[in-house]
Amino acid sequence: MTMPYGSRLAAMMTRRLGRECVYTPSARLALYLALRHWCRPGARVLMSPVNDDVILFVVLAAGLRPVLAPVSVGDGNIDPAAVPESTWRSVDAVLTTNLYGMPDRVVELRRRCEQLGIPLFEDAAHAIGTHVDGQPIGTFGKAAAFSLSKHVAASAGGFLAVEDARTRRELELLRDALLVPRRLHDDLAATLRPLARSAVRTLHLVRPVWRTMQRLGVLERDDFRMALHAERLSGCAREAPSLAAYEPWVRVDLHGFRSRHGALVRGQLTLRMDRLDDDLARRAVGVSLLSGTAWASPALRDRTAHNGHLPLFRVPLLVHDRNALIERLVSHGVVTGYVYDPPLDDYAGAEFVEPSPDPSAARWFASHVLPADPLLARGITNALTAEQAATAHPSTPAAAPAPIPDTTPPTPLGQ
Ligand SMILES: Cc1ncc(COP(=O)(O)O)c(C=O)c1O
């Protein structure tokens, strides 16, 4: 009997999580599988507007209606208490974000979903090292998507974690039907891109390389959001659910998102997975450094005070004049990614999403957050000090601190 595609990597992830895992070439494909498996076309999915636009297009490609939730101004994640009762009663599924690795109010969301009898999907693309009450993010809902591109600086790889072996096998079949044959070019790009990235950083070439990429138009976004192409997007609705129809939007930043990568790529991912705990330990060190600075959000500071070890993907700092600061940071060799501004309802409008009933917190958070890479904590702290960056303080009533669940991992990782 042949082993399922990517089963060695999936087994590594199962050992971490204690859940059955399906290997996928990307987290976006993992989310697509979950949405297609559990939601019928036309279903309404509650999600945060402070999210990657790619995820919005994944939801649309699955033939679903994104319903945007009010978020907490402290961390940009869904605020379950602020979601109107009528909205709760009208949605068919919930998709969390765990933005930058800060956990969603997942216990509350799960309770709600259980009451309503609807599935909870965890987007854990940013949150591979995050725990709530000693339990890893990605083990609370029906299914969870993980991204290796984020966490081990690969240009490929993801997982869908599910509750049981039968569901895993069904999803493996769905995945196999969606994978496209690999092209050698994709495999080489996926293998070489992370190496090129770290060489550029080591050689202090970040600034010239980034500026040149900007000038050449190599980057797929001129702005924080990709161009919407509303008319073309409208036309695709007739074909949904369809990954092929939405591919021009869904593939942005990762053209091999559904490629059946060969042993070369998967072998490299295995090596990188082996180093994951070291990587998370280094992230946690950077997070404690950055959360001790004036730019740390109150939510972040509270959380690090409660549990020292927080291996975030990015550290949400809050600053005034954020966009100008991002430009100036390039001169210090710091390129800032993962800015999700404007919120998805302002970006896409009511034809494509159901807008949040109260977009103010999302707008404030999306326009002030500076996602800082904890692996570059010292350089970023120095750069922000040199630039005299001013801290932004959330001032709406929603800023009152929410109760903090214990996010300590069951066993300390590394240190
Ligand atoms: C919140 C979030 N979820 C999912 C994804 C998709 O991850 P991947 O690039 O592995 O498809 C991304 C990044 O693109 C993301 O930021």
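For the structure given in this document, a descriptive report is provided here. (Residues numbered from 1 in each chain as written. Predicted model: local features only at pLDDT ≥ 70, side-chain atom pairs only at ≥ 80, totals over all residues. Heavy atoms only, no water.)

Let's talk about the site of the ligand
What surrounds the ligand is a group of 14 residues, the closest being Arg28, Asp123, His126, Ser147 and Tyr340. The contact in question runs from an oxygen atom of the ligand to an N or O atom on the side chain of aspartate 52, over 2.9 Å. Within the side chain of lysine 150, one N or O atom sits 3.0 Å away from an oxygen atom of the ligand. In isolation the ligand exposes 390 Å². Once the protein is present, 98% of that is buried. Going through the elements one at a time, helix H2 (27-38) and helix H6 (148-151) are the ones with two or more residues in the shell around the ligand. The class makeup of the residues in the shell around the ligand is five nonpolar, five polar and four charged. (Near = heavy atom within 4 Å. Polar contact = N/O pair within 3.5 Å; in protein donor to acceptor, adjacent residues only side chain to side chain. Areas by Shrake-Rupley, 256 points an atom, 1.4 Å probe, with all protein chains shown as cover. Helix = DSSP H or I, 4+ residues; strand = E, 2+ residues; numbered from the N terminus. Nonpolar A, V, L, I, M, F, W, Y, C, P; charged D, E, K, R; others polar.)

Quick word on unusual backbone geometry
A cis amide bond, omega -5 degrees, links alanine 240 with the succeeding residue proline 241. Note that proline 241 resides in the loop between helix H10 (230-236) and helix H11 (243-250). Looking along the chain, the bond that leaves aspartate 341 and enters proline 342 is cis, with omega of 0 degrees. We note that aspartate 253 has phi near 75 degrees; this positive angle belongs to a residue other than glycine. As for its placement among the helices and strands, aspartate 253 is situated in the loop between H11 and strand E11 (259-260). On the accessibility criterion, aspartate 253 (45% relative accessible area) is partly exposed. For tyrosine 338, which is not a glycine, the phi torsion comes out positive at approximately 60 degrees. With respect to the helices and strands, tyrosine 338 occurs in the loop between helix H15 (322-330) and helix H16 (344-348). Using a relative accessible area of 28% as the deciding quantity, one classes tyrosine 338 as partly exposed. (Buried < 20%, exposed > 50% of the residue type's maximum accessible area, 1.4 Å probe, protein only.)

Observations concerning the pattern of salt bridges
Considering all chains together, one arrives at 19 salt bridges under this definition. For arginine 19, the salt bridge identified is with glutamate 163, shortest N-O distance 3.9 Å. Within this pair, whereas arginine 19 is found in the loop between helix H1 (7-17) and strand E1 (20-24), its partner glutamate 163 is found in the loop between strand E9 (158-162) and helix H7 (165-178), the two being separated by 144 residues in sequence. The exposure class assigned to arginine 19 is buried, which follows from its relative accessible area of 11%. The exposure class assigned to glutamate 163 is partly exposed, which follows from its relative accessible area of 44%. For arginine 282, the salt bridge identified is with aspartate 279, shortest N-O distance 3.8 Å. With a gap of three residues between them, arginine 282 and aspartate 279 both fall in helix H13 (residues 276-291), about one helical turn apart. Classification of arginine 282 by relative accessible area gives exposed; the value is 51%. Several salt bridges share partner residues, and in doing so they unite Arg19, Lys142 and Glu163 into one network. (Salt bridge = Lys/Arg side-chain N within 4 Å of Asp/Glu carboxyl O.)

So, the side chain of arginine 19
Polar contacts involving the side chain of arginine 19 include one to the main-chain carbonyl oxygen of glycine 141, which spans 2.7 Å. Not counting the four nearest positions on each side in its chain, arginine 19 is found in contact with Thr14, Gly138, Thr139, Phe140, Gly141, Lys142, Ala161, Val162 and Glu163. (Contact = heavy atoms within 4.5 Å.)

Describing the packing of H13 against helix H18 (residues 377-386)
Interaxial distance between H13 and H18 falls to 9 Å at its minimum, and their mutual angle equals 20 degrees. Classed by the angle they form, the pair H13 and H18 counts as roughly parallel. Our pair here, H13 against H18, has a crossing hand that is right-handed. For the pair formed by H13 and H18, the contact residues are Gly286, Leu289 and Leu290 on the first element and Ala377, Arg378, Ile380 and Thr381 on the second. Residue classes in the contact of H13 with H18 are distributed as four nonpolar, two polar and one charged. (Axes fitted to C-alpha atoms, helices over the stretch in contact; angles between N-to-C directions. Parallel < 35°, antiparallel > 145°, perpendicular 65-115°, else oblique. Left-handed = near helix turned anticlockwise from the far one by under 90°.)

A few points about the pairing of strand E8 (residues 143-147)
Looking along a regular strand, one sees the side chains alternate between the two faces of the sheet. Extensive coverage of E8 is indicated by the burial of five of its five residues. Where burial is concerned, the two faces of E8 agree: the one with Ala143, Ala145 and Ser147 and the one with Ala144 and Phe146 are both buried. Two strands pair when backbone bridges link them, and strand E5 (residues 120-123) and E8 are joined in this way by three bridges, in the parallel orientation. For phenylalanine 121, the partnering residue across the bridge sits in E8 and is alanine 143. Sheet topology places E8 next to E9; five bridges connect them, and they run antiparallel. Residue serine 147 lies in a different strand from E9, and its bridge partner there is glycine 158. (Pairing = 2+ DSSP bridges.)

Some points on the pairing of strand E2 (residues 44-47)
Residue alternation in E2 divides its side chains into two sets, Arg44 and Leu46 and Val45 and Met47, and both sets are buried. Pairing geometry for E2 and strand E3 (residues 65-68), over four bridges, is parallel. Across the sheet, leucine 46 pairs through a bridge with valine 67, a residue of E3. Running through helix H3 (residues 53-61), the crossover from E2 to the neighbouring parallel element E3 is right-handed. Examined bridge by bridge, E2 and strand E4 (residues 93-95) share three bridges and lie parallel to one another. Counted as the bridge partner of methionine 47 is leucine 95 from E4. (Right-handed = clockwise from strand over helix to strand, strands pointing away.)

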